[in-house]
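Observations on the three-dimensional arrangement
Now for the letters of each chain:
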Amino acid sequence: MRRPGDFSRAVRGGVRTGKSTMVVHVAASGCAEDAPSVGFVVSKAVGNAVVRNKVKRRMRALVAERLDTLPQGSLVVVRALPASADAEYARLSGDLDSCLSRSLSRQQRSGS
């Protein structure tokens, strides 16, 4: 995901779930045939540039492992919280799984 409009659509119009290390926003893109699109937000509150890049690499690797489980046409934004800088990979993995499953089930229930 690269366009600001896609980020806005996912954050403002999607379903949000969170844990202590991250917040995940999931929305439908409008075209069900599109591949899932994922974006990451890692602010300066997480740490300096080295720490932020490390967090982004970890998040990308975690989402890449789960990309085939995301529904077609979905927009996903993963926002890292400051606790993600010190979290172990296993904790980030568990938090991401939890957030994605709750967001996707809430999205299906709401019919979005």
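Some words on the layout of surface pockets
- Taken as a whole, the largest pocket encloses approximately 240 Å³ of empty space.
- Considering the residues around the largest pocket, the lining is formed by 14 residues, among which Met1, Val38, Gly39, Phe40 and Arg60 are closest to the centre.
- Mapped onto the lining of the largest pocket, the elements with two or more residues apiece are strand S3 (37-42) and helix H2 (49-66).
- If one sorts the elements of the lining of the largest pocket by residue count, S3 sits on top with six residues.
- The class makeup of the residues in the lining of the largest pocket is nine nonpolar, two polar and three charged.

Remarks on the nonpolar core
- One finds Met22, Val24, Met59, Val76, Val78 and Leu96 to be the most contacted residues of the largest nonpolar core, which totals 21 residues.
- Only strand S2 (22-28), S3, H2, strand S4 (74-80) and helix H3 (89-110) provide two or more residues apiece to this core.
- Sorting elements by how many residues they give to this core places H3 first, with five residues.
- Formed by five residues, the second largest nonpolar core is a distinct cluster that contains Met1, Ala27, Leu75 and Val77.

Here is what the cut-offs are and how they apply
- Residues numbered from 1 in each chain as written.
- Predicted model: local features only at pLDDT ≥ 70, side-chain atom pairs only at ≥ 80, totals over all residues.
- Heavy atoms only, no water.
- 1 Å grid on protein atoms, 1.4 Å probe; cavity = no way out; pocket = protein on both sides within 12 Å on 5 of 7 lines; lining within 4 Å.
- Points joined across faces, edges and corners; volume = space filled by probe spheres on them.
- Helix = DSSP H or I, 4+ residues; strand = E, 2+ residues; numbered from the N terminus.
- Nonpolar A, V, L, I, M, F, W, Y, C, P; charged D, E, K, R; others polar.
- Core = buried A, V, L, I, M, F, W, Y, C linked by side-chain atoms within 4.5 Å.
- Buried < 20%, exposed > 50% of the residue type's maximum accessible area, 1.4 Å probe, protein only.

The values are spatial; any link to function lies outside them.
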